[in-house]
Amino acid sequence: MKISLDWLKDFVNVKGSVGKLSDVMTLAGLNIEQVTSIGSDTVFEIEVTTNRPDWLSHLGVAREVHAVTGNTFRPPPFKITPRGKTERVFQISTPDRELCPYYSATLLEGVRWSETPGFMKKRLEACGIRSINFIVDVANYVLLECGQPLHAFDADLLHGTTISARRAKPNEKIVAIDGANYDLTKGDLVIADEKGPVAIGGVMGGKDSEVTEKTRNLLLESAFFAPTVVRHTARRLGLGSESSYRFERRVDPKGVDLARERAVALISRHGRIGSISRAFRSGRLPIDEPKITLKRSEVRRILGVQVPQSKIKSILSRLGLRVSETTNVIRASVPSFRSADLKRPIDLIEEIARVYGYNRIPETLPSPTLAEPTVDPILVAEKKARELCVGLGFQEVITYSMVEESIVLKRGIAHGVRVINPKNRELNLMRPDLLHGLAQTTRQNFFAGQNDFWLFEIGNRYLPNGQKLPKEERLLALVVAGVGRSNFVEGKRRNTLYDLKGAIQHLLLRFGLDQQVTHAPFEDFIYKKGEAISLYKGTHPLGSYGTLSDKVRKQYDLDKPVYYGEMSLERITQYQATELKVKDLPKYPPSPRDLTLILDESIPAQHIFERIKSLGGELVSGIDVLNRFKGSQIQQGKKNLSFRIYYQSRQRTLQNEEVNQLHFSIIDSLNRSFGAELPKGKNDS
Amino acid sequence: MDMTDLARLQEEFKSQLAEVSGPQALENLRVAYLGRKGKLAHLFSEMGTLSREERPKFGELLNQLKRFIERAVSEKEGSVGGVDSDFSYEDPTLPGVPPRLGRLHPITQTIREIGDIFTRLGFEIVDGREIETEFYNFTALNIPLDHPSRDAFDTFYTEQGHLLRSQTSTVQIRVMEKRKPPVRIIAPGKVYRPDEVDASHSFMFHQIEGLMVDDRTTFSDLKGVIHLFLRKLFGNHIEMRFKPHFFPFTEPSVDVDISWGRGWLEILGAGQVHPAVFEAVGYDPKKVQGFAFGLGVERIAMLKYGIKDIRLFFENDLRFLEQF
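Residues numbered from 1 in each chain as written. Chains lettered and ligands numbered in written order. Predicted model: local features only at pLDDT ≥ 70, side-chain atom pairs only at ≥ 80, totals over all residues. Heavy atoms only, no water.

Novice: Tell me about the overall build of chain A, residues and numbers included.
Specialist: Across its full length, chain A holds 19 helices and 32 strands. Whereas a compact globule of 685 residues would reach a radius of gyration of roughly 26 Å, chain A reaches 40 Å, over 25% beyond that. Taken along the three principal axes of its C-alpha coordinates, chain A extends 125 × 60 × 50 Å. Within chain A, the fraction of its 685 residues that count as buried is 53%. At a minimum sequence separation of 6, the contacts of chain A that also span at least 24 residues come to 70%. About 31,600 Å² of surface is accessible on chain A, with carbon and sulfur atoms providing 49% of the total. In chain A, 99 side chains carry a positive charge and 80 a negative one; their mean positions are 3 Å apart. (Helix = DSSP H or I, 4+ residues; strand = E, 2+ residues; numbered from the N terminus. Rg over C-alpha atoms; globule rule 2.2 N^0.38 Å. Buried < 20%, exposed > 50% of the residue type's maximum accessible area, 1.4 Å probe, protein only. Contact = heavy atoms within 4.5 Å. Areas by Shrake-Rupley, 256 points an atom, 1.4 Å probe, with all protein chains shown as cover. Lys, Arg positive; Asp, Glu negative; His and termini not counted. Charge placed at Lys NZ, Arg CZ, Asp CG, Glu CD.)

Novice: I'd like to hear about the interface of chain B and chain A, residue by residue, with values.
Specialist: Opposite the 105 residues of chain B that make contact, chain A presents 102 residues. For the pair chain B and chain A, the two sides together bury roughly 9,100 Å², of which 53% comes from carbon and sulfur. Among the residues chain B hides against chain A, the three largest losses belong to Arg100, Pro244 and Leu318 of chain B. Together they make up 9% of the total. The interface formed by chain B and chain A includes seven salt bridges. Of the charged contacts in the structure, one is a salt bridge between Arg474 of chain A and Asp127 of chain B, with a shortest N-O distance of 2.6 Å. Broken down by element, the side of chain B that touches chain A gets its largest block of residues, eight residues, from helix H8 (residues 219-234) of chain B. Here the residues of the side of chain B that touches chain A are counted per class, giving 43 nonpolar, 26 polar and 36 charged. (Buried area = accessible area lost by both parts, 1.4 Å probe. Salt bridge = Lys/Arg side-chain N within 4 Å of Asp/Glu carboxyl O. Nonpolar A, V, L, I, M, F, W, Y, C, P; charged D, E, K, R; others polar.)

Novice: I'd like to hear about the environment of Trp260 of chain B, residue by residue, with values.
Specialist: Residues and elements named next belong to chain B. Inspection of the secondary structure puts Trp260 in strand S7 (residues 250-260). Judged by its relative accessible area of 33%, Trp260 is partly exposed. Residues Trp260 and Arg8, spaced 252 residues apart in sequence, show a C-alpha to C-alpha distance of 82 Å. Setting aside anything within four residues of it in sequence, one finds Trp260 in contact with Phe234, Leu265 and Leu303.

Novice: Lay out unusual backbone geometry with the relevant residues and their values.
Specialist: With an omega of 5°, the peptide bond between Pro181 of chain B and Pro182 of chain B qualifies as cis. Inspection of the secondary structure assignment puts Pro182 of chain B in the loop between helix H7 (170-178) and strand S4 (183-192). With an omega of -5°, the peptide bond between Glu251 of chain B and Pro252 of chain B qualifies as cis. One can find Pro252 of chain B in strand S7. In the Ramachandran plot, Asp557 of chain A falls in the positive-phi region, its phi being about 60° despite a non-glycine side chain. Among the secondary structure elements, Asp557 of chain A is positioned in the loop between helix H16 (550-555) and strand S29 (562-568).

Novice: Talk me through helix H11 (residues 345-356) of chain A; I want residue IDs and the actual numbers.
Specialist: Turn by turn, an α-helix covers 3.6 residues, leaving residues three or four places apart pointing in a common direction. Residues and elements named next belong to chain A. The first and last C-alpha atoms of H11 sit 16 Å apart over 12 residues, in line with the 16 Å expected at 1.5 Å per residue. Burial analysis of H11 places 11 of its 12 residues in the buried class, the great majority of the element. Those residues of H11 not exposed but buried are Ile346, Asp347, Leu348, Ile349, Glu350, Glu351, Ile352, Ala353, Arg354, Val355 and Tyr356. At the exit of H11 stands Gly357, carrying a positive phi of roughly 120°. (Expected span 1.5 Å × (residues − 1).)

Novice: I'd like a description of the pairing of S7 of chain B, backed by residues and values.
Specialist: All names here are of chain B. The buried fraction of S7 amounts to 10 of the 11 residues, a majority that puts the element mostly inside the structure. Taken together, strand S6 (residues 240-247) and the strand that follows it, S7, pair antiparallel across an intervening segment of two residues. Note: S7 against strand S8 (residues 263-273), nine bridges, orientation antiparallel. If you follow Trp260 over to S8, its bridge partner there is Gly263. Two successive antiparallel strands, S7 and S8, enclose a turn made up of two residues, where Gly261 displays a positive phi of approximately 60°. (Pairing = 2+ DSSP bridges.)

Novice: I'd like a description of the nonpolar core, backed by residues and values.
Specialist: Counting 104 residues, the largest nonpolar core has Tyr564 of chain A together with Leu230 and Leu268 of chain B as the members making the most contacts within it. No other element matches H8 of chain B, which puts eight residues into this core. Not counting residues within four places of it along the chain, the set of residues in contact with Leu230 of chain B comprises Gly235, Ile238, Met240, Val256, Ile258, Ile267 and Leu268 of chain B. Grouped together as the second largest cluster of nonpolar side chains are 50 residues, Leu59, Ile135, Val142 and Leu266 of chain A included. (Core = buried A, V, L, I, M, F, W, Y, C linked by side-chain atoms within 4.5 Å.)

Novice: I'd love a proper account of the packing of helix H4 (residues 118-126) of chain A against helix H5 (residues 134-146) of chain A, names of residues and values included.
Specialist: Residues and elements named next belong to chain A. Following both chains from N to C, one finds H4 and H5 inclined at 60°, their axes separated by 10 Å at the closest point. Classified by the angle their axes make, H4 and H5 are oblique. Between H4 and H5 lies a crossing whose hand is left-handed. On H5, the residues that touch Phe119, Met120, Arg123 and Leu124 of H4 are Asp137, Val138, Asn140, Tyr141 and Leu144. (Axes fitted to C-alpha atoms, helices over the stretch in contact; angles between N-to-C directions. Parallel < 35°, antiparallel > 145°, perpendicular 65-115°, else oblique. Left-handed = near helix turned anticlockwise from the far one by under 90°.)

Novice: Let's hear about the sheet that holds strand S3 (residues 41-47) of chain A: which residues, and what values?
Specialist: Residue and element names in this part refer to chain A. Pairing in this open sheet of three strands is antiparallel, and the strands run S1-S3-S2 from one edge to the other. Every interior strand has two partners, whereas the edge strands, strand S1 (2-4) and strand S2 (31-38), have only one. Mean inter-strand twist for the sheet, computed between neighbouring axes without regard to direction, equals 25°. Strand direction decides the pairing type here: S1 and S3, joined by three bridges, are antiparallel. Bridging across to S3, Lys2 finds its partner in Glu45.

Novice: Describe the packing of aromatic side chains, with residues and values.
Specialist: Summed over the entire model, instances satisfying the criterion amount to 29 aromatic pairs over all chains. Taken together, a centroid distance of 5.1 Å and an interplanar angle of 75° make the contact between Phe13 of chain B and Tyr33 of chain B edge-to-face. With Phe13 of chain B in helix H1 (residues 3-19) and Tyr33 of chain B in helix H2 (residues 23-34), the pair connects residues that are 20 residues apart, well separated along the chain. An aromatic cluster is defined as three or more aromatic residues linked by ring pairs; in this entry it consists of Tyr400 of chain A together with Phe156, Phe203, Tyr305, Phe313, Phe314, Phe320 and Phe324 of chain B. In this structure, Arg63 of chain A is placed above the aromatic ring of Phe337 of chain A, and the distance from its NZ or CZ to the ring centre is 3.6 Å. The lysine or arginine in question, Arg360 of chain A, covers the ring of Tyr356 of chain A, its NZ or CZ lying 4.1 Å from the ring centre. (Phe/Tyr/Trp six-rings, centres within 6.5 Å; stacked < 30°, edge-to-face > 60°. Lys NZ or Arg CZ within 6 Å of the ring centre and 35° of its normal.)

Novice: I'd like a description of the confidence of the model for chain B, backed by residues and values.
Specialist: On average, residues of chain B score 90 in pLDDT, and 96% of them reach the 70 mark or higher. What the predictor reports for the complex is a pTM of 0.86 with an ipTM of 0.89. (pLDDT = per-residue confidence, 0-100.)

Novice: I'd like a description of the sheet that holds strand S19 (residues 402-404) of chain A, backed by residues and values.
Specialist: All names here are of chain A. Read across the open sheet, the three strands follow the order S19-S21-S20; overall the sheet is antiparallel. Pairing within the sheet leaves two strands with one partner each, and these edge strands are S19 and strand S20 (417-418). Here S20 pairs with strand S21 (residues 427-430) via two bridges, running antiparallel. Across the sheet, Val417 pairs through a bridge with Met430, a residue of S21.

Novice: Can you lay out helix H10 (residues 297-305) of chain B for me, pointing to particular residues and giving the numbers?
Specialist: Buried residues of H10 of chain B: Val297, Glu298, Ile300, Ala301, Met302 and Leu303 of chain B, and no others. Once H10 of chain B ends, the next one or two residues include Gly306 of chain B, with phi positive near 70°.

Novice: Go over the pattern of salt bridges with me, naming the residues and quoting the values.
Specialist: Between side chains of opposite charge, a pair can form as their charged atoms come close. With the rule as written, the count across this model stands at 61 salt bridges over all chains. Here Arg100 of chain B makes a salt bridge to Asp452 of chain A, at a shortest N to O gap of 3.0 Å. Here the residue Arg100 of chain B occupies a position in the loop between helix H4 (54-80) and helix H5 (106-120), and Asp452 of chain A occupies one in strand S22 (residues 452-465), the pair thus bridging two chains. Close ionic contact of Lys528 of chain A with Glu531 of chain A constitutes a salt bridge, the shortest N to O distance being 3.9 Å. Residue Glu531 of chain A is classed as partly exposed on the basis of its relative accessible area, which comes to 28%. A single salt-bridge network, built from bridges that share partners, covers Arg52, Asp54, Glu64, Arg338, Asp341, Glu351 and Arg354 of chain A.

Printed below as a string of structure tokens:
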């Protein structure tokens, strides 16, 4: 809202510099966002919070300046004078009191005018309102001065002499001043003559009864419309106006009649009026002037500081409250223009604090009692997972929770949580997994020329849960993307699915889950066939990983290899081993033995390792894979697998003899069960 | 072939090794013994001719010899240099090999930094849901239905009639419903508002909610705690001012500004918890009091790091993320 300093000075004395005034007001809560000079005038752009509709007028702001600075306040000399006779007499009807509690209008006959006076034009323009014609300008002037929206009808264009402020009938329509045709519903309030709607109450007037240069007889409306109906209609029709803005925030019921009279006075002073009717009216103004009792001790309890007694009284009085007090209690009667905001003792405490000055209240540090420390297991797991991922070389990313349904649902996800008013029409689905955001991030980084990056994200997926609140499940997703990297020491280092698997195994190990999780092959749209693994703890799925399928890579335009994995942090938290027990360090050295086997391609390495472990029992302390290859030097349908077995006992040093015997018996057994053969001249045993 | 052959072979190797002076000679020697057609390979292949009883013993000795030769060659490499002399540290101006470094997103880093300050002050970090009911996002926070104060909290709705929380204040309600005072919490998380996206607005962003409720915490304490926090976050030189503001769920309410350049910058909103909020969670506002605050994580990160566009946080361009 724009406030003209020149106008403000009609009602309150202003001393000192503009900058000083603006600081003082801002620190008391009337936030002055911008100060502009326009000719000899200064315009303040003020921020009006929804609790202070009284600031939507120069009068209200003047009152606030008075309250904060103590400078003299001069309300305008409004008076309602009894009036004479007009040719016509209007009847007002307000059948729907909950929508329109009070409606009044004055008929002005034989009105003549020329130009809008210069001062009025100047002030309106300073406040950002374009001059239209004298009558409309007066209505706008009063709106900016008193905060009460008025509307003027050309009385000769109204049908009949009954004006009703009523609920719209089904299928009623109106052409508004903006020229557009609006369909009304029974939730809307209309002002109607005997033929039909002539205005949308509090929102916009009708084209057919608009005041023009030819208008000689006016009906000047001033009403109290229910904030909710104006808000509802203005939003529904997308018709926000200076009027609706004020009605929505509740106008001062005590100002309704005064504003109408102020307009009549201005028209008669700067134009000419033949005759003025009495005020035609219907309904009752919902004037509310609550009384609040505030215990003095409460001020100190909440603020932590004792504001002097005399200060409290002067602050509240200057704000327009009538105050009486005893030693312990302050009784304040709230003026109607603040009744929506000041209702309970805490509201008075805030007024006292802000006018006294927030910055005069000392800073203290609380002396809290100790409380039982509690931790949320999900947050602990999140933190641990983040540290592990960072340690494993993954870069954290954060992507949007809303994704494009059209793409995601193609992946065979049946349903999700939809947003009905998305900002971007495509982003209307709460993500059912983290793939979408990560795939897009991957593509963008490919486009930016990145060729090797590992990413992770921790965030929710959202699963519908009937009419109940959707399930929000915390996931950890990992991406290994790009061909790989090279450096001058090692040469090329390729990215493979084994890199992702290694990271996932390490994560599971650190959550104490490595022994209990099975990696089972499965099929899914997002993964390449044969390169998709599902993670299970018993029968409970924990997540999956694999090579992204060509279909998904095509969806997201990914032209390099991408490996993706996703795990439920929630389930990991549920199943994790809570206590870590340290194993004693081995006292006796391991005896490593390297072994290369020629195997049928179809035999999984895991079967070989499991056999070795079962044969070796506790004497096999570990197996490292050294190499695996297929190719021209190896027989068709076979593969080579080289690994190192560590033989070790926790009780004694193993003798070579014992190790060798075990090693050879393992080789014999692998040969018998799997047809594993030793390459000629390759093995060191 | 017997054990003494192996001993002789070891001696022979030792004397040859002693004569090696350059990397190529060392490599030749290694190949002669350890290569695919080297002396040891030959011996391994001959093992088949031994009896079952002799085999393990001989195998073990042969393995010992192999390990001895491997170790001796690698030790010698230290003095003569490896074959591939590129790997010697001969050019100290070559760059180090870049490690694969994982990093946290700057938003996570900022949340952690703020969370750490408050946990040291005795606050506890809690988690909260993102999809909520009107009760938690509005009603319990003293924001009436169909009231203009809702305009400041424009909101996304789901098909089921739920909403995406437009503020982390929802967590205040969730926590107070479950616990008795004292309550001291910090709740970081994502919030959603259908704002027009530009350099300073995003429809998804992060907030941190703080709440301290007991039987004594005052507005003075709010000032003390917030100022302490801002000094820890931005440095001791930071100045703060409290501007009265309006939030439905706090009273008195305040916009906190910090000194920034030559002016002031709004950094967070705060206030004493409104009695209506206490009533909504079943606390007695006559006995319970305290403060709440909320701050935008992106805004703070943007200030701290000089980031000019909020969209950078969610585009996840590695050239941006790698700077943190």
